[in-house]
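Structural overview
Take a look at the letters that make up each chain.
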Amino acid sequence: MKTILTTSLSITIAALLLSGCAPKGGAGMVGYDSNVKYGDAKAVETVTADFGSTDLQSTAESLTQSLLESRYIAKAAQPPKVRLRAVNNLTYEHIDTKAITDKIRIKLLKSGQVRFLADTANLNQVKDERELTAAATANKVNKAMADSDYIITGNVRSIKKANDDVKDVYYNVSMELVDPQSGEILWADEKEIRKVTSKSTVGW
Amino acid sequence: MSATKNVLIALSVSILFIGSFSGCSSKNINIIGEKRIEIIKHKAIQEGTFLKIMAELENTDYDETEGFVYQIEWIDKNGLIIDTTPWRAVTIHQNQKVQIVEMTNFPNIVDYNIIVSVPNK
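Described below are features of the structure shown in this document. Keep in mind that this is a model prediction, so the values were computed, not measured.

Definitions and limits used
- Residues numbered from 1 in each chain as written.
- Chains lettered and ligands numbered in written order.
- Predicted model: local features only at pLDDT ≥ 70, side-chain atom pairs only at ≥ 80, totals over all residues.
- Heavy atoms only, no water.
- Phe/Tyr/Trp six-rings, centres within 6.5 Å; stacked < 30°, edge-to-face > 60°.
- Helix = DSSP H or I, 4+ residues; strand = E, 2+ residues; numbered from the N terminus.
- Buried < 20%, exposed > 50% of the residue type's maximum accessible area, 1.4 Å probe, protein only.
- Expected span 1.5 Å × (residues − 1).
- Salt bridge = Lys/Arg side-chain N within 4 Å of Asp/Glu carboxyl O.
- Contact = heavy atoms within 4.5 Å.
- Buried area = accessible area lost by both parts, 1.4 Å probe.
- Polar contact = N/O pair within 3.5 Å; in protein donor to acceptor, adjacent residues only side chain to side chain.
- Nonpolar A, V, L, I, M, F, W, Y, C, P; charged D, E, K, R; others polar.

A few points about the packing of aromatic side chains
Residue and element names in this part refer to chain A. If you walk through the whole model with that rule in mind, you get 2 aromatic pairs over all chains. Judged by centre distance (5.3 Å) and plane angle (80°), the rings of F51 and Y171 are edge-to-face. Of this pair, F51 sits in the loop between α1 (2–19) and α2 (53–69) while Y171 sits in strand β4 (residues 166–178), placing them 120 residues apart in sequence. Accessibility expressed as a relative area gives 0% for Y171, which makes it buried.

Okay, here's the thing in structure tokens:
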């Protein structure tokens, strides 16, 4: 009786392991023959004329390059402490401007030329965390968190024009590096993007 | 005998010199698809701790405007590709040249590859 029970249990477990868990398309792949495919994350995307992934990537790339070349970053004796402030979206469409600044921050941090302080949006969380462990020196800690050498701000603007045949969108992303003590603008640059949608021909 | 030896040495040095320069035209360049775009020159400049590259691309066709994309691969001293730029779309009108400039944001880059992808017509 015990042998029959053990055998049937083993067969059930083996069947479960072999049938239910085997992924379709081979090891490490699920839905191999589905319509979903992975593409190149850095490919040029021209699905619509709205602000897209290519615009985000090229904006972050060129503004980072420009900022790294500015003498306040390139010639600094030690990497300055920078805080990213909001980049205002002055266009009529929804653009996640935080995505632009986050991407710039990642690139600048990888360069090792800049140190970043927590965003004002996250500052309260950081403060709460620090106060848990450093209640005695809270004032000193707060000062260190507030002491940024520079802040980065910016604007995204767009101009849209269209007639029956052509739709033209112009984006302008401008950013500036400001000394918060003096208010002096130390660096500013912009990235311009023009996208044209033609109804008669399909763009490539 | 000594004169012949000197001539031979000079000749071999010249061949090596010319050889090393002629090889540069295709090094660092990879054109995918139809070769309707030419990279006439490219060079790297050290901008502080970062590598900056400049390339000049030409559309030699008198009739057709060419649209294509390019990407730069940034390579470290071990030959590893550390980063790539996003693909960038460029249009060059008939018989015109375009200069592209790119800079890496990684401090340890020593080499680069320019990849140009030209769509089939």
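Things to note about α2(A)
Here α2(A) is 17 residues long and its end C-alpha atoms lie 24 Å apart, about the 24 Å a rise of 1.5 Å per residue gives. Of all 17 residues that make up α2(A), 13 are buried, and the element is covered over most of its length.

Observations regarding the pattern of salt bridges
For the structure shown, the criterion picks out 14 salt bridges over all chains. For B:D83, the salt bridge identified is with A:K42, shortest N-O distance 3.6 Å. Separated into two different chains, B:D83 in strand β5 (residues 81–84) and A:K42 in the loop between α1 and α2 make up a pair that spans both. Residue classification places B:D83 among the buried positions, given a relative accessible area of 12%.

Here we look at the interface of chain A and chain B
You'll often see interface size given as the accessible area lost when the parts meet. The partner chain B presents 23 residues to the 17 residues of chain A that form the contact. Interface of chain A and chain B: buried area, both sides summed, is about 1600 Å²; carbon and sulfur atoms make up 57% of it. Counting every contact that joins chain A to chain B gives 3 salt bridges. Where chain A meets chain B, there are 8 residue pairs in polar contact (both at pLDDT 80 or more). Of all the elements in the fold, those that place two or more residues in the side of chain A that touches chain B are α2 and α4 (97–111) of chain A. The biggest single contributor to the side of chain A that touches chain B is α2(A), with 8 residues. Broken down by class, the residue content of the side of chain A that touches chain B amounts to 4 nonpolar, 7 polar and 6 charged.

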